[in-house]
Amino acid sequence: MSPGGVLDVGQQALASEALADPRREEQALLVRLRRGDPEAFESLVHQHQDRLYDFCFRMLGDREEAHDLVQEIFVSVHQNVRRFREDARLSTWLFRISKNQCLNRLKYLQRRGRGRSDVFDEVSAAAIAEGGGAPPQPDAALEAARERARVQRAISQLDPDARMLVALRDIEGLSYDEIVDITELPEGTVKSRLHRAREKLADLLGRFEP
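In what follows, the accompanying structure is described. Position numbers for residues start from 1 in each chain and track the written sequence from start to end. Owing to the predicted nature of the model, reporting of local features is limited to residues with pLDDT of at least 70; listing and counting of side-chain atom pairs is limited to 80 or more, with chain, interface and lining totals taken over all residues. For the side-chain quantities, the full set of heavy atoms in the structure was used; hydrogens and water were omitted.

### With respect to the nonpolar core
Point 1. Joining through side-chain atoms within 4.5 Å is the link that ties buried Ala, Val, Leu, Ile, Met, Phe, Trp, Tyr and Cys residues into a set, and such a set is a nonpolar core. Burial status follows relative accessibility: with a 1.4 Å probe on protein chains alone, a residue under 20% of its type maximum counts as buried, one over 50% as exposed, and anything between as partly exposed. Core analysis: the largest hydrophobic core is formed by 47 residues, its most contacted members being Leu-44, Phe-55, Leu-90, Trp-93 and Leu-168.
Point 2. At the level of secondary structure, the elements contributing two or more residues to this core comprise helix H2 (22-34), helix H3 (38-60), helix H4 (63-80), helix H5 (90-111), helix H7 (138-155), helix H8 (160-171), helix H9 (176-183) and helix H10 (187-207). Only runs of H or I of at least four residues qualify as helices and only runs of E of at least two qualify as strands under DSSP, and these elements are numbered from the N terminus.

### Thoughts on the environment of Glu-65
Point 1. Relative to the assigned elements, Glu-65 resides in helix H4.
Point 2. Sequence-wise, Glu-65 and Arg-105 are 40 residues apart; in three dimensions their C-alpha atoms are separated by 8.8 Å.
Point 3. Two N or O atoms count as a polar contact when they lie within 3.5 Å, although within protein this holds only if one can serve as hydrogen donor and the other as acceptor, and sequence-adjacent residues are included solely when both atoms are side-chain atoms. Polar contacts involving the side chain of Glu-65 include one to the side chain of Arg-105, which spans 2.7 Å.

### With respect to the side chain of His-48
Point 1. Mapped onto the elements of the fold, His-48 is located in helix H3.
Point 2. When checking whether two residues touch, look at their non-hydrogen atoms; a contact exists if any pair is within 4.5 Å. When residues no more than four places from it in sequence are discounted, the contact partners of His-48 are Phe-74, Ser-91 and Leu-94.

### Looking at the packing of H9 against H10
Point 1. Lines are fitted to the C-alpha atoms to define the axes, a helix being fitted only along its stretch in contact, and any angle between axes, read from their N-to-C directions, falls within 0 to 180 degrees. Between H9 and H10, the shortest axis-to-axis distance is 10 Å and the interhelical angle comes to 100°. On the basis of the axis angle, H9 is roughly perpendicular to H10. Contact residues: H9 offers Tyr-176, Asp-177, Ile-179, Val-180 and Thr-183, while H10 offers Glu-187, Val-190, Lys-191, Leu-194 and Arg-198. Roughly parallel covers angles under 35 degrees, roughly antiparallel covers those over 145, roughly perpendicular covers 65 to 115, and oblique covers all other angles.

Put into structure tokens, the structure is as follows:
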């Protein structure tokens with residue numbers, strides 16, 4: 001091995017760690033986005049569209065509305081990425097935009113008499129059960145679909161703020177720090193409101209037959 005061999009190996013290891021660091025990858029993507037790189041934007045959409053769609057669906061309870069809103073969210077991201085202050089992770093910023101868009105859309109739908117908080121919009125079990133991987137046995141798939149429909153029906157009965165916290169924490173699995181950044185609420189407020197939302201959700205699930 002050459003005199004610099006050990007150092008070279010160490011440098012390669014550090015480089016590999018840097019590439020594996022999600023924050024560094026995110027920062028590199030952000031630089032490309034600000035340059036207007038179309039491939040960077042496609043990569044952003046590919047990485048985040050499924051999670052944002054799932055969050056929007058949980059908030060709105062309507063697949064078509066969620067699909068349309070996700071497209072609007074990415075248009076907003078494309079238009080405003082140069083203004084991103086980097087006060088949070090890029091992924092967190094996307095959820096913050098999605099949260100605001102969902103709350104605005106809910107207000108719009110309620111004004112038009114189409115709010116989903118009081119009346120669940122008969123989402124088909126098959127649609128809720130969509131997912132990748134090998135399909136389970138028919139009976140198991142049907143049971144899983146019914147349970148997902150029951151959970152979504154209960155979530156749709158929560159008020160929008162409670163729905164948002166349940167979706168972010170219990171469905172998307174975000175940390176409290178991320179939720180604080182997204183909601184711009186103190187951590188104690190997030191935890192107390194989430195506790196009440198979970199209690200309400202458990203009560204609603206108890207009312208709906210499995």
